[in-house]
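For reference, the chains in residue letters:
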Amino acid sequence: MNESLTESSRSVNFFLKELENSLAENWTIESMSLSAGVGLTRFTYHCKQITNLTPMRYLMMRRLELSKKMLLEDTDLTITEVAYR
């Protein structure tokens, strides 16, 4: 197996795990790939292999899951308040 591909995959996987802590940031595919230290094409490829989703779709799904959790835990929050958080 090509070792550079393995390193890229690990970098993307690590980034996706750390993304949980920064879902509120204004991410673009370019900023995600830069943060992961991987080229845009390779980042997109590995993200799709790991999550079966495009990077932006994965980000959206994680944000929706967090929003759902917030609404379930604090029933006094409005959807607008959750959106701003």
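Structure: above.
What counts, and where the lines are drawn
Residues numbered from 1 in each chain as written. Predicted model: local features only at pLDDT ≥ 70, side-chain atom pairs only at ≥ 80, totals over all residues. Heavy atoms only, no water. Phe/Tyr/Trp six-rings, centres within 6.5 Å; stacked < 30°, edge-to-face > 60°. Helix = DSSP H or I, 4+ residues; strand = E, 2+ residues; numbered from the N terminus. Buried < 20%, exposed > 50% of the residue type's maximum accessible area, 1.4 Å probe, protein only. Expected span 1.5 Å × (residues − 1).

1. Section: the packing of aromatic side chains
Applying the stated criterion across every chain, the model contains two aromatic pairs. Arranged with centres 5.3 Å apart and planes meeting at 85°, the rings of F15 and W27 form a pair that is edge-to-face. Within this pair, whereas F15 is found in helix α1 (residues 3–18), its partner W27 is found in the loop between α1 and α2 (29–36), the two being separated by 12 residues in sequence. Here F15 matches W27 in class, with each residue buried. Seen from their ring centres, F15 and F43 are 5.7 Å apart, and the 75° between their planes marks the pair as edge-to-face. Placement of F15 in helix α1 and of F43 in helix α3 (residues 40–51) is noted, with a sequence separation of 28 residues between them. Classification of F15 by relative accessible area gives buried; the value is 6%. Residue classification places F43 among the buried residues on the basis of a relative accessible area of 0%. Clustering of aromatic rings is evident, with ring pairs tying together F15, W27 and F43.

2. Topic: α3
A turn of α-helix holds 3.6 residues, and therefore any two residues three or four places apart point the same way. Here α3 contains 12 residues, and its C-alpha end-to-end distance of 16 Å stays within 8% of the 16 Å for a straight helix at 1.5 Å per residue. Just past α3, the residue N52 takes up positive phi, approximately 65°.

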